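# Examination of the molecular architecture
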Amino acid sequence: MGYREYTPHSQLRSYIDAYWTVQTAAHDLPVPERILPDGCVDIIFNLGTAVAVNPQLTMASGGTYLVGTMTRFSASMRQPATSLLGIRFKPGCFTAFYDLSLETITDRVIPFNSGLITGETVDINELDKLLLDKIKTVPHSLLPVIADLYHYKGQLSMDRLAKKHFMHNRQLERLFKQQTGISPKAFANLVRYRFALKHIKEHRAGASLQDIAFEYGYYDHAHLSNEIRKYTGLQPSGY
(Lines give C-alpha, C1' and ligand atoms only; values in the text may rest on other atoms or scores of the structure.)
Protein backbone atom coordinates (compact mmCIF):
# COMPACT_ATOMS: atom_id res chain seq x y z
CA MET A 1 0.00 0.00 0.00
CA GLY A 2 1.06 3.62 -0.34
CA TYR A 3 3.45 4.91 -3.00
CA ARG A 4 5.76 2.60 -5.02
CA GLU A 5 8.03 3.06 -8.03
CA TYR A 6 8.96 0.58 -10.78
CA THR A 7 11.88 0.68 -13.22
CA PRO A 8 11.01 0.75 -16.94
CA HIS A 9 12.62 -1.34 -19.68
CA SER A 10 16.32 -0.58 -20.25
CA GLN A 11 15.55 0.94 -23.67
CA LEU A 12 13.08 3.35 -22.05
CA ARG A 13 15.18 4.55 -19.12
CA SER A 14 16.61 7.50 -21.04
CA TYR A 15 13.03 8.75 -21.48
CA ILE A 16 11.00 7.50 -18.53
CA ASP A 17 12.00 8.22 -14.94
CA ALA A 18 9.67 5.61 -13.40
CA TYR A 19 6.32 3.92 -13.39
CA TRP A 20 4.59 4.53 -10.08
CA THR A 21 1.51 3.48 -8.18
CA VAL A 22 -0.48 4.91 -5.28
CA GLN A 23 -2.69 2.44 -3.44
CA THR A 24 -4.78 3.07 -0.33
CA ALA A 25 -7.35 0.86 1.38
CA ALA A 26 -10.97 1.83 1.86
CA HIS A 27 -10.45 2.05 5.64
CA ASP A 28 -7.34 4.24 5.44
CA LEU A 29 -7.51 7.79 6.75
CA PRO A 30 -6.84 10.73 4.40
CA VAL A 31 -3.14 11.63 4.32
CA PRO A 32 -1.79 15.08 3.37
CA GLU A 33 0.79 15.06 0.59
CA ARG A 34 2.87 17.72 -1.09
CA ILE A 35 4.08 17.18 -4.66
CA LEU A 36 7.03 19.31 -5.71
CA PRO A 37 7.88 20.45 -9.26
CA ASP A 38 10.57 18.33 -10.91
CA GLY A 39 10.37 19.24 -14.61
CA CYS A 40 8.65 15.95 -15.44
CA VAL A 41 5.36 15.20 -17.19
CA ASP A 42 3.08 12.37 -16.02
CA ILE A 43 0.32 10.25 -17.49
CA ILE A 44 -1.99 8.99 -14.73
CA PHE A 45 -4.49 6.12 -14.98
CA ASN A 46 -7.17 6.23 -12.30
CA LEU A 47 -7.94 2.58 -11.54
CA GLY A 48 -9.90 3.26 -8.35
CA THR A 49 -12.54 5.65 -7.13
CA ALA A 50 -12.82 9.25 -8.32
CA VAL A 51 -10.02 11.51 -7.07
CA ALA A 52 -10.43 15.27 -6.59
CA VAL A 53 -7.38 17.05 -7.99
CA ASN A 54 -8.61 20.55 -7.26
CA PRO A 55 -12.00 22.32 -6.98
CA GLN A 56 -12.20 22.43 -10.78
CA LEU A 57 -11.18 18.86 -11.64
CA THR A 58 -11.94 15.36 -10.43
CA MET A 59 -10.16 12.40 -12.03
CA ALA A 60 -12.99 10.01 -12.85
CA SER A 61 -12.74 6.30 -12.15
CA GLY A 62 -11.30 4.61 -15.26
CA GLY A 63 -10.04 7.90 -16.67
CA THR A 64 -6.59 8.77 -18.04
CA TYR A 65 -5.02 12.17 -17.39
CA LEU A 66 -1.98 14.17 -18.44
CA VAL A 67 -0.15 16.26 -15.84
CA GLY A 68 1.87 19.07 -17.40
CA THR A 69 5.16 20.40 -16.09
CA MET A 70 4.64 21.95 -12.66
CA THR A 71 6.13 25.31 -11.71
CA ARG A 72 4.80 25.29 -8.15
CA PHE A 73 4.00 22.76 -5.45
CA SER A 74 0.69 20.94 -5.19
CA ALA A 75 -0.81 20.25 -1.75
CA SER A 76 -3.63 17.73 -1.48
CA MET A 77 -5.04 14.86 0.59
CA ARG A 78 -4.46 11.23 -0.37
CA GLN A 79 -7.93 9.73 -0.07
CA PRO A 80 -9.07 6.22 0.93
CA ALA A 81 -9.69 3.64 -1.83
CA THR A 82 -7.24 5.35 -4.18
CA SER A 83 -5.64 3.32 -6.99
CA LEU A 84 -3.46 5.28 -9.40
CA LEU A 85 -0.87 4.14 -11.93
CA GLY A 86 1.47 6.71 -13.42
CA ILE A 87 4.18 7.11 -16.04
CA ARG A 88 6.70 9.84 -15.16
CA PHE A 89 8.48 11.06 -18.28
CA LYS A 90 11.87 12.70 -17.86
CA PRO A 91 12.05 16.39 -18.79
CA GLY A 92 11.74 16.91 -22.55
CA CYS A 93 10.91 13.24 -23.23
CA PHE A 94 7.13 13.17 -23.45
CA THR A 95 7.29 14.31 -27.09
CA ALA A 96 9.35 11.23 -27.96
CA PHE A 97 6.04 9.34 -27.66
CA TYR A 98 3.29 11.89 -28.40
CA ASP A 99 2.92 14.66 -30.98
CA LEU A 100 1.55 17.21 -28.55
CA SER A 101 2.91 20.61 -27.57
CA LEU A 102 3.04 20.99 -23.80
CA GLU A 103 2.98 24.80 -23.81
CA THR A 104 -0.71 25.10 -22.85
CA ILE A 105 -0.64 22.29 -20.25
CA THR A 106 1.83 23.79 -17.77
CA ASP A 107 0.51 23.44 -14.19
CA ARG A 108 -2.61 21.72 -15.52
CA VAL A 109 -4.17 18.26 -15.35
CA ILE A 110 -6.28 17.36 -18.40
CA PRO A 111 -8.11 14.26 -19.69
CA PHE A 112 -5.86 12.47 -22.15
CA ASN A 113 -6.20 9.66 -24.69
CA SER A 114 -2.89 7.87 -24.13
CA GLY A 115 -3.50 5.00 -26.53
CA LEU A 116 -2.16 2.66 -23.83
CA ILE A 117 -5.37 1.18 -22.43
CA THR A 118 -6.01 -2.28 -23.86
CA GLY A 119 -8.93 -3.22 -21.63
CA GLU A 120 -10.68 -2.21 -18.45
CA THR A 121 -7.39 -2.27 -16.52
CA VAL A 122 -3.82 -1.18 -17.17
CA ASP A 123 -1.17 -3.83 -16.53
CA ILE A 124 2.14 -2.28 -15.53
CA ASN A 125 3.95 -5.19 -17.20
CA GLU A 126 2.38 -4.24 -20.55
CA LEU A 127 3.46 -0.61 -20.43
CA ASP A 128 7.01 -1.38 -21.54
CA LYS A 129 5.87 -3.09 -24.74
CA LEU A 130 3.26 -0.46 -25.55
CA LEU A 131 5.67 2.43 -25.02
CA LEU A 132 8.47 0.74 -26.96
CA ASP A 133 6.04 0.51 -29.88
CA LYS A 134 5.25 4.23 -29.59
CA ILE A 135 8.74 5.67 -29.26
CA LYS A 136 9.98 7.77 -32.17
CA THR A 137 12.93 9.92 -33.13
CA VAL A 138 12.36 13.54 -32.20
CA PRO A 139 13.99 16.18 -34.43
CA HIS A 140 15.79 18.92 -32.48
CA SER A 141 15.69 16.85 -29.31
CA LEU A 142 16.31 18.88 -26.18
CA LEU A 143 17.91 16.01 -24.28
CA PRO A 144 21.53 17.20 -24.77
CA VAL A 145 20.48 20.75 -23.85
CA ILE A 146 18.69 19.57 -20.69
CA ALA A 147 21.68 17.37 -19.80
CA ASP A 148 23.87 20.49 -19.97
CA LEU A 149 21.56 22.39 -17.63
CA TYR A 150 21.80 19.58 -15.11
CA HIS A 151 25.57 19.41 -15.53
CA TYR A 152 25.87 23.11 -14.70
CA LYS A 153 23.18 22.85 -11.99
CA GLY A 154 21.02 25.41 -13.78
CA GLN A 155 23.77 28.05 -13.74
CA LEU A 156 24.20 28.62 -17.45
CA SER A 157 23.13 31.74 -19.34
CA MET A 158 20.59 31.26 -22.10
CA ASP A 159 22.90 32.93 -24.62
CA ARG A 160 25.69 30.49 -23.83
CA LEU A 161 23.31 27.53 -23.82
CA ALA A 162 21.89 28.43 -27.24
CA LYS A 163 25.33 28.98 -28.80
CA LYS A 164 26.68 25.77 -27.29
CA HIS A 165 23.95 23.80 -29.07
CA PHE A 166 24.02 25.80 -32.31
CA MET A 167 20.61 27.40 -31.86
CA HIS A 168 19.17 30.87 -31.91
CA ASN A 169 17.60 32.02 -28.64
CA ARG A 170 14.15 32.07 -30.23
CA GLN A 171 14.55 28.48 -31.42
CA LEU A 172 15.65 27.41 -27.94
CA GLU A 173 12.65 29.18 -26.39
CA ARG A 174 10.21 27.61 -28.86
CA LEU A 175 11.54 24.08 -28.42
CA PHE A 176 11.52 24.30 -24.64
CA LYS A 177 7.93 25.49 -24.56
CA GLN A 178 6.85 22.76 -26.97
CA GLN A 179 8.72 19.90 -25.30
CA THR A 180 8.63 20.90 -21.62
CA GLY A 181 5.86 23.49 -21.40
CA ILE A 182 8.11 26.18 -19.89
CA SER A 183 10.87 28.50 -21.08
CA PRO A 184 14.55 27.49 -20.91
CA LYS A 185 15.14 30.13 -18.24
CA ALA A 186 12.27 28.82 -16.13
CA PHE A 187 13.61 25.29 -16.54
CA ALA A 188 17.12 26.39 -15.52
CA ASN A 189 15.68 28.06 -12.41
CA LEU A 190 13.83 24.84 -11.57
CA VAL A 191 17.02 22.79 -11.94
CA ARG A 192 19.00 25.26 -9.82
CA TYR A 193 16.43 25.25 -7.00
CA ARG A 194 16.39 21.43 -6.94
CA PHE A 195 20.18 21.24 -6.58
CA ALA A 196 20.14 23.91 -3.87
CA LEU A 197 17.36 22.15 -1.96
CA LYS A 198 19.21 18.82 -2.22
CA HIS A 199 22.29 20.54 -0.78
CA ILE A 200 20.26 21.95 2.12
CA LYS A 201 18.78 18.53 2.92
CA GLU A 202 22.17 16.81 2.85
CA HIS A 203 24.09 19.48 4.79
CA ARG A 204 21.64 20.68 7.40
CA ALA A 205 24.36 21.58 9.90
CA GLY A 206 27.40 21.80 7.66
CA ALA A 207 26.94 25.00 5.67
CA SER A 208 25.19 28.33 6.10
CA LEU A 209 22.24 29.24 3.93
CA GLN A 210 24.23 32.23 2.70
CA ASP A 211 27.07 29.98 1.51
CA ILE A 212 24.63 27.66 -0.27
CA ALA A 213 22.93 30.65 -1.89
CA PHE A 214 26.21 31.93 -3.31
CA GLU A 215 27.24 28.46 -4.48
CA TYR A 216 24.11 28.17 -6.60
CA GLY A 217 24.14 31.69 -8.00
CA TYR A 218 21.52 33.36 -5.79
CA TYR A 219 22.00 36.97 -4.70
CA ASP A 220 21.79 36.11 -1.00
CA HIS A 221 20.06 33.77 1.45
CA ALA A 222 16.80 35.74 1.19
CA HIS A 223 16.70 35.19 -2.58
CA LEU A 224 17.27 31.45 -2.09
CA SER A 225 14.62 31.28 0.65
CA ASN A 226 12.08 33.01 -1.59
CA GLU A 227 12.77 30.59 -4.45
CA ILE A 228 12.40 27.53 -2.22
CA ARG A 229 9.18 28.89 -0.75
CA LYS A 230 7.86 29.57 -4.27
CA TYR A 231 8.48 26.01 -5.42
CA THR A 232 7.71 24.08 -2.23
CA GLY A 233 5.51 26.30 -0.04
CA LEU A 234 8.02 25.88 2.81
CA GLN A 235 10.97 27.80 4.17
CA PRO A 236 14.43 26.18 3.95
CA SER A 237 14.24 25.65 7.72
CA GLY A 238 11.40 23.19 7.02
CA TYR A 239 13.99 20.81 5.58
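Structure: see above.
Residues numbered from 1 in each chain as written. Predicted model: local features only at pLDDT ≥ 70, side-chain atom pairs only at ≥ 80, totals over all residues. Heavy atoms only, no water.

### Notes on the overall build of the protein chain
- Of the regular secondary structure elements, the protein chain holds seven helices and 10 strands.
- In terms of overall size, the protein chain behaves like a compact globule, its C-alpha atoms giving a radius of gyration of 19 Å where 239 residues would be expected to give roughly 18 Å.
- Each of the three principal axes of the protein chain carries a C-alpha extent, and together these read 50 × 45 × 35 Å.
- Residue burial in the protein chain is summarised as follows: out of 239 residues, 45% are buried.
- Excluding contacts between residues fewer than 6 apart, the proportion of contacts in the protein chain whose partners are at least 24 apart in sequence is 71%.
- Accessible surface, the protein chain as shown: approximately 12,600 Å² in total, 52% of it carbon and sulfur. (Helix = DSSP H or I, 4+ residues; strand = E, 2+ residues; numbered from the N terminus. Rg over C-alpha atoms; globule rule 2.2 N^0.38 Å. Buried < 20%, exposed > 50% of the residue type's maximum accessible area, 1.4 Å probe, protein only. Contact = heavy atoms within 4.5 Å. Areas by Shrake-Rupley, 256 points an atom, 1.4 Å probe, with all protein chains shown as cover.)

### Quick look at the packing of helix α2 (residues 143–151) against helix α5 (residues 184–202)
- Direction vectors running N to C along α2 and α5 enclose 40°, while the axes themselves pass 9 Å from each other. Judged by the angle between their axes, α2 and α5 are oblique. Seen from above, α2 lies across α5 with right-handed handedness. Along the contact surface, α2 presents Ile-146, Leu-149 and Tyr-150, while α5 presents Pro-184, Phe-187, Ala-188, Val-191 and Phe-195.
- For the contact of α2 with α5, the residue count by class is eight nonpolar, no polar and no charged. (Axes fitted to C-alpha atoms, helices over the stretch in contact; angles between N-to-C directions. Parallel < 35°, antiparallel > 145°, perpendicular 65-115°, else oblique. Left-handed = near helix turned anticlockwise from the far one by under 90°. Nonpolar A, V, L, I, M, F, W, Y, C, P; charged D, E, K, R; others polar.)

### Quick look at the sheet that holds strand β2 (residues 16–23)
- Taken in spatial order, the six strands make up an open sheet running β1-β2-β9-β4-β7-β10, and their pairing is antiparallel. For this open sheet the edge positions go to β1 (2–6) and β10 (109–111), each flanked by a neighbour on one side alone. The mean angle between the axes of side-by-side strands here comes to 25°, regardless of whether they run parallel or antiparallel.
- Of the pairings in the sheet, the one linking β1 to β2 comprises five bridges and is antiparallel in character. Residue Tyr-6 lies in a different strand from β2, and its bridge partner there is Tyr-19.
- Here helix α1 (residues 124–134) sits on the sheet in contact with β1, β2, β4 (41–46) and β9 (83–89), set at roughly 150° to β2. (Pairing = 2+ DSSP bridges.)

### Focus: the nonpolar core
- Counting 23 residues, the largest nonpolar core has Ile-43, Leu-66, Ile-87, Phe-94, Leu-127 and Leu-131 as its most contacted members.
- Going through the elements one at a time, β2, β4, β9 and α1 are the ones with two or more residues in this core.
- Dropping the residues within four chain positions of it, Phe-94 is found in contact with Val-41, Ile-43, Leu-66, Phe-89, Leu-100, Leu-102 and Phe-112.
- If you look at the next biggest cluster of nonpolar residues, it comprises 16 residues, including Leu-156, Met-158, Phe-187 and Ala-188. (Core = buried A, V, L, I, M, F, W, Y, C linked by side-chain atoms within 4.5 Å.)

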